[in-house]
Amino acid sequence: MNIVFMGTPDFACECLKQLIASKHNVLAVYTKQDMPRGRKMVMTPPEVKVLAQEHNISVYQPATLRDSETVSLLKTLNPDVIAVVAYGKLLPKEVLDIPKYGCINVHGSLLPKYRGAAPIQWTVLNGDEYGGVTTMYMGEGLDTGDMIETYKTKVGENETSGELFDRLSVEGGKLLLSTLDLLEKGEAPRIPQNEAEASYAPMLSREISQVDFDKTANEVHNLVRGLSPWPVAQTTLEGKRVKLITTRVSKLSGAPGEIVETSPLTVACGEGSVEILTLQLEGKKAMDSKAFLMGHRLEKGQFFGNKV
């Protein structure tokens, strides 16, 4: 089939890679506009754009899909399917109506759970036992269309959102190809979403990164792994900001925020405790807790989180 692909971040890249390697023909790629990144705010293209250009695929970066010129071009391309993966823009009805087989979305959750911008991260933040990917027909609502296929996987106890992200991006590519085959055969189902089970996964922000050691060890651990690799869970130690990069749940107890063991470095929570495996003091490089303790003398009874 002739496909127009719409996507932006690295999660979409794996789907595009598998699509390029398949029997299908990628007519063009649509992605968001280049953005300034890094401390020097260098204009940087989306990962999908870079991949498409490496394969000599035409790339379009319209500010909106609602103008007549963009809609006219899509009609001229005449795709059988528009495949959308983490594009970051809603498709208007004029675009949804163009492809013969419709517009298909690959979404990183077990819909109707976690509609929205950050489904994989919230799967980990909430400590869900299972995560997954869903393909669906796109409608005018946000991730509300009828489902086609689902891939379900158990989330590891210590798996970060970044690690789950990488796994699901590969499985999302496989699911997209499977769904395209079903569409081509006329065998793709339409499974309505149960609105009573719907939930939303808003975009992450630094505002949620502060660790509250009054919470349970599982909740603290889920925050740390859910915010990895961005924006990273943070606390304070001796008045300085510290990023907690990896942790493990421990059964030791004490006052919330209290260092209850230094080998391994373990901090008490409202219930249980967390062993801090990797951390980063402001202005320093990330390091494992053993290396950190060689340069920072910490003792039992000290506190993380501005407590004394």
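Everything below is about the structure printed above this text.
Because the structure is a prediction, the values reported are computed rather than measured.

A.B. asks: Mind showing me how you'd approach a nonpolar patch on the surface here?
C.D. replies: A cluster of nonpolar residues, L90, L142 and Y200, forms a patch on the protein surface that exposes about 310 Å² of accessible area. Relative to the helices and strands, L142 resides in the loop between β8 (130-137) and β9 (147-154). When its relative accessible area of 40% is taken as the criterion, L142 is described as partly exposed.

A.B. asks: Just checking my understanding: could you explain the packing of helix α1 (residues 10-20) against helix α6 (residues 161-185) for this structure?
C.D. replies: Two packed helices can be described by the angle between their axes and the distance between those axes. Here α1 crosses α6 at 40°, and the two axes come no closer than 8 Å. As summarised for this structure, α1 and α6 are arranged oblique, according to the angle between their axes. Of the two elements, α1 crosses α6, and the hand of that crossing is right-handed. For the pair α1 and α6, the contacting residues are D10, F11, E14, C15, Q18 and L19 in the first and F165, L168, S169, V170, G172, G173, K174, L176, L177 and L180 in the second.

A.B. asks: Help me understand the environment of D97, please; the structure alone is not making it clear to me.
C.D. replies: Among the secondary structure elements, D97 is positioned in the loop between α4 (93-96) and β7 (103-107). Each C-alpha atom, one on D97 and one on L237, is 56 Å from the other, the two residues being 140 residues apart in sequence. At 2.7 Å, the side chain of D97 forms a polar contact with the side chain of K93.

A.B. asks: I tried to follow the layout of surface pockets on my own but got confused; where do I start?
C.D. replies: Where empty space is left becomes clear once a probe the size of a water molecule has been rolled over the atoms. If you add up the space inside the largest pocket, you get close to 1500 Å³. Among the secondary structure elements, those contributing two or more residues to the lining of the largest pocket are α1, β3 (35-37), β7, α5 (119-125), β8 and α6. Of the residues belonging to the lining of the largest pocket, the class tally is 23 nonpolar, 16 polar and six charged. Here the second largest pocket is characterised by a volume of approximately 240 Å³. Lining the second largest pocket, in full, are W122, L125, N126, I208, Q210, V211, D212, K215, E219, V220, N222 and L223. When contributions to the lining of the second largest pocket are tallied by element, the ones reaching two or more residues are α5 and α7 (217-226). The greatest single-element share of the lining of the second largest pocket, amounting to four residues, is contributed by α7. Taken together, the residues that form the lining of the second largest pocket break down as six nonpolar, three polar and three charged.

A.B. asks: Got a minute to help me understand the packing of aromatic side chains in this structure?
C.D. replies: When we look at a pair of aromatic rings, we describe it by the centre distance and by the angle of the planes. Enumeration over the complete set of coordinates arrives at three aromatic pairs. Ring geometry for F11 versus F165: centroids 5.1 Å apart, planes at 65°, classification edge-to-face. One end of the pair, F11, is in helix α1; the other, F165, is in helix α6, with 154 residues separating them in the sequence. F165 matches F11 in its accessibility class, with the two residues each being buried. When the ring of F213 is compared with that of F304, the centres are 6.4 Å apart and the planes differ by 55°; the resulting orientation is tilted. Linking F213 in the loop between α6 and α7 with F304 in the segment after α8 (289-295), this pair joins segments that are 91 residues apart in sequence. Across the pair, exposure class does not vary: F213 and F304 are buried alike. The side chain of K152 reaches across the aromatic face of Y130, ending 4.5 Å from its centre. Across from the ring centre of Y137, 3.7 Å away, lies the NZ or CZ of R190, which sits over that ring.

Cut-off values and rules
Residues numbered from 1 in each chain as written. Predicted model: local features only at pLDDT ≥ 70, side-chain atom pairs only at ≥ 80, totals over all residues. Heavy atoms only, no water. Patch = residues over 30% accessible without salt bridge, like charges linked within 9 Å, V, L, I, M, F, W, Y side chains within 5 Å. Areas by Shrake-Rupley, 256 points an atom, 1.4 Å probe, with all protein chains shown as cover. Salt bridge = Lys/Arg side-chain N within 4 Å of Asp/Glu carboxyl O. Helix = DSSP H or I, 4+ residues; strand = E, 2+ residues; numbered from the N terminus. Buried < 20%, exposed > 50% of the residue type's maximum accessible area, 1.4 Å probe, protein only. Axes fitted to C-alpha atoms, helices over the stretch in contact; angles between N-to-C directions. Parallel < 35°, antiparallel > 145°, perpendicular 65-115°, else oblique. Left-handed = near helix turned anticlockwise from the far one by under 90°. Contact = heavy atoms within 4.5 Å. Polar contact = N/O pair within 3.5 Å; in protein donor to acceptor, adjacent residues only side chain to side chain. 1 Å grid on protein atoms, 1.4 Å probe; cavity = no way out; pocket = protein on both sides within 12 Å on 5 of 7 lines; lining within 4 Å. Points joined across faces, edges and corners; volume = space filled by probe spheres on them. Nonpolar A, V, L, I, M, F, W, Y, C, P; charged D, E, K, R; others polar. Phe/Tyr/Trp six-rings, centres within 6.5 Å; stacked < 30°, edge-to-face > 60°. Lys NZ or Arg CZ within 6 Å of the ring centre and 35° of its normal.

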